[in-house]
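# Architecture at a glance
This is what each chain is made of:
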2 protein chains.
Amino acid sequence: MKFYKNPPKSEWAEICSRPALESGNLTTIIEDIFNTVATSGDKALRDYTLKFDNARISELLVSQEEIENAAAQISNELKVSIALAINNVRQFHSAQKLERTIIETSPGVECWQEERPIEKVGLYIPGGSAPLFSTIIMLAVPAQIAGCKELVLCTPPDKDGNINPAILYTAAQTGVTSIFKVGGAQAIAALTYGTESIPAVYKLFGPGNQYVTAAKQFAQQKGVAIDMPAGPSELLVYADETANPAFVASDLLSQAEHGPDSQVVCVSDSEKVLKMVQAEVDAQLALLPRKDIAEKALANSLFVNFDVLKEASQFINEYAPEHLIICSENEKFLVKNTLNAGSVFLGNYSPESAGDYASGTNHTLPTSGYAKTYSGLSLQAFTKKITFQRLTTQGIRTIGPAIETMAEAEGLQAHKNAVTLRLNEIKK
Amino acid sequence: MKFYKNPPKSEWAEICSRPALESGNLTTIIEDIFNTVATSGDKALRDYTLKFDNARISELLVSQEEIENAAAQISNELKVSIALAINNVRQFHSAQKLERTIIETSPGVECWQEERPIEKVGLYIPGGSAPLFSTIIMLAVPAQIAGCKELVLCTPPDKDGNINPAILYTAAQTGVTSIFKVGGAQAIAALTYGTESIPAVYKLFGPGNQYVTAAKQFAQQKGVAIDMPAGPSELLVYADETANPAFVASDLLSQAEHGPDSQVVCVSDSEKVLKMVQAEVDAQLALLPRKDIAEKALANSLFVNFDVLKEASQFINEYAPEHLIICSENEKFLVKNTLNAGSVFLGNYSPESAGDYASGTNHTLPTSGYAKTYSGLSLQAFTKKITFQRLTTQGIRTIGPAIETMAEAEGLQAHKNAVTLRLNEIKK
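Remember, it's a predicted structure, so these values are computed and weren't measured experimentally.

### Concerning the state of the cysteines
Linking two cysteines covalently through their sulfur atoms gives a disulfide. Residue and element names in this part refer to chain A. Per the stated rule, a full pass over the model turns up zero disulfides over all chains. No disulfide involves Cys 266; its sulfur sits 9.5 Å from that of Cys 327, the nearest cysteine. A residue is classified by how much of its surface remains accessible, and Cys 266, at 0% relative accessible area, is buried.

### Considerations on the interface of chain A and chain B
Taken together, the 118 residues of chain A in the interface contact 118 residues of chain B. Here chain A is connected to chain B by four salt bridges. We note a salt bridge from B:Glu331 to A:Arg390, for which the minimum N-O separation is 2.5 Å. Taken together, the connections running from chain A to chain B amount to 68 residue pairs in polar contact (both at pLDDT 80 or more). Here the residues of the side of chain A that touches chain B sort into 55 nonpolar, 43 polar and 20 charged. Sheet topology places strand β13 (residues 343–346) of chain A next to strand β14 (residues 383–391) of chain B; four bridges connect them, and they run parallel. Within β14(B), the position partnered with A:Phe345 by the bridge is B:Gln389.

### Concerning the sheet that holds strand β7 (residues 203–205) of chain B
All names here are of chain B. Taken together, five strands build an open sheet; the order of strands is β6-β5-β4-β7-β8 and the sheet is parallel. Looking at which strands have only one partner, the edges of the open sheet turn out to be β6 (178–181) and β8 (225–226). Looking at chain direction, β7 and β8 are connected through two bridges and run parallel. Opposite Leu 204, over in β8, you have Ile 226 as the bridge partner.

### With respect to the layout of surface pockets
Volume-wise, the second largest pocket comes out at about 600 Å³. Around the second largest pocket sit 25 residues that line it, and A:Lys97, A:Leu98, A:Glu99, B:Lys97 and B:Leu98 are the ones nearest its centre. At the level of secondary structure, the elements contributing two or more residues to the lining of the second largest pocket comprise β3 (109–117) of chain A together with β3 (109–117) of chain B. Of the residues assigned to the lining of the second largest pocket, the class counts are 10 nonpolar, eight polar and seven charged.

Rules behind the numbers
- Residues numbered from 1 in each chain as written.
- Chains lettered and ligands numbered in written order.
- Predicted model: local features only at pLDDT ≥ 70, side-chain atom pairs only at ≥ 80, totals over all residues.
- Heavy atoms only, no water.
- Disulfide = S-S within 2.5 Å.
- Buried < 20%, exposed > 50% of the residue type's maximum accessible area, 1.4 Å probe, protein only.
- Contact = heavy atoms within 4.5 Å.
- Salt bridge = Lys/Arg side-chain N within 4 Å of Asp/Glu carboxyl O.
- Polar contact = N/O pair within 3.5 Å; in protein donor to acceptor, adjacent residues only side chain to side chain.
- Nonpolar A, V, L, I, M, F, W, Y, C, P; charged D, E, K, R; others polar.
- Pairing = 2+ DSSP bridges.
- Helix = DSSP H or I, 4+ residues; strand = E, 2+ residues; numbered from the N terminus.
- 1 Å grid on protein atoms, 1.4 Å probe; cavity = no way out; pocket = protein on both sides within 12 Å on 5 of 7 lines; lining within 4 Å.
- Points joined across faces, edges and corners; volume = space filled by probe spheres on them.

All we've got here are geometric facts, nothing functional implied.
See below:
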């Protein structure tokens, strides 16, 4: 744990810097996998799945029977919880639909936007110890609301060639149209180029390890869009004396348990609060099953004390946290001045877990300072906005001369001509 | 000009394919320029400007005096036209502001989005024969409405070290905060890393040649966001017998004059209409100053006749044009079924030039089929959406148990714990 007191601005960039992700060395491996999948299709996917996942797969597509069997393996309690989460995520993202508003910018010139789904989207869900079925909710529910036609989910199988039932069950509840037993860079390659079984998609979503991340970057160069650049998960808590130190500690630990490279930051106007949080972290840590992971993440964590609130706020913007919890009597000031953050949690009863699972907001958020530029996922990540315009004869009369003048000044005579012809026709 | 009659779907992908952009060979050149700019800063920029633009520049920043002098060199007619265009673009993009709507997804669980500007944006404007001042309007006006703090414009100087007065004048009218005399990949490198004079930015916007395009892709790998992938400009017109063939031809030509690699497509239910359009194209072409360029673009143009309207609509979606003009008695059907397009122009009096300059819609749009995935620029390209949430004690009671169940099922005990602690506190 690193402690800073009123660090000068000149040091902020260094304090806020995240460990650089190494992906350069992976380029050759990724390129090789992409080329092999492009050439050998499904066969390459089966070979890689045997090599990397130790699983022998004949049929890549998960069958209807497997999906139905999954439901029987899920407790009723979990089903009810998933239903609540889906309902809240659906409500929040449905409210993001663009309303068509026609703007008459000049007399006779009507302009508006309409939203259309991205037709084919690829959803990647990692394998490993924890089945991240909550991420399916965060990706598939907005895709479904958007009206995407193909929601193609790829996830690696276990050694026996099976997918965790919670993943299959959640996918079935959220309109996923097909599920394939393939993971890693080879899954991303399949979604990029398409194979006999797996359709090529227009945009890729979802978390993954360094190989998946590098593969998504490679896919982007091949013309497939991606959700956002990926990095380890992060939480910054601003806590003053109105914050409950035990709650703050539990939130910091919930972030720290994600992985040894998770980033955890606590900012306060009070050294006393920081010490109380620290003591609570130590006490709660001992009881955690993922103690070893959390401990490593905590070793790199930052505790920062600022006497001046405005400086604290500026520091938060420089850090640009993925998750930001604000427990402060100065909440109003901090909210207003928060420029860079993925998702913000207000008050003592809004833990980050709420947004991770069930409040309704999306948990796919920009990390590594990308909150300076990128938004978390919303309905609009699954749609395009098309602009429309209609000019009447009055409209072309109103703005036509300006178009002619500007086109001429840019040396584009045919652009001018398209207006002149119409104006002449009207004069007849 | 290539003519197709009811081409089978199996051939659409081939017919719709655009010439591949070569950027692979440029990687070494671009990497070298980026490294040199990172190391030598302003000096590198001056050296490259001498080498590539034949201009000796001492001061990269355009002075206030230069900007003021530019105004005197612009005709009043052009000033009035630029003012009209700015006003319409401002109206249309101002209407895109996100309204804060609080959604109570469960009792005591409030979620909402707030929009924040991307603080620092880089606007690239190419040099060359035509001064693209209209593009400044399309980039700077939404950036200004969004509230971006730094609007940094880079554009290459002429041999005498000057910038076209129309560019300086328009930049001054649209809130650009600084203008630098540097172009090409070196400008993109400067905006990526920052130099003594030029600030690093978070997102890059604007068109450019193959070097600029490759440099933007390189910048993206270095963590700077870009507006969208670039490609040659395109227009597809759907015209039936209600269309004015002379107007259609003038629109096709306005696209064709952009460059020899511009893409021009005309789709119709009537061979007769296509022939009339063709005859008009030939007649109007002869009179154009940029005839040679337009002729080359027209050599690759497509004229496609479909007997069945639904097939025409599906073909348009497969092509996914940057610009789509619809002059048809079946406009309603075509609009409803248009899934993939950048900007759509309806009826005989809505030339593409209107959207290029002055109607209010943005002219920075997805090309090369990227309209399947990307939107054109809107206010949201210059902002991020941050999600907020506040749970009351009632809220955590309502959704807390679901969070606990899901976190446990994902093996994330600390996530569960953050809720359990709070629920226990409430019970006290």
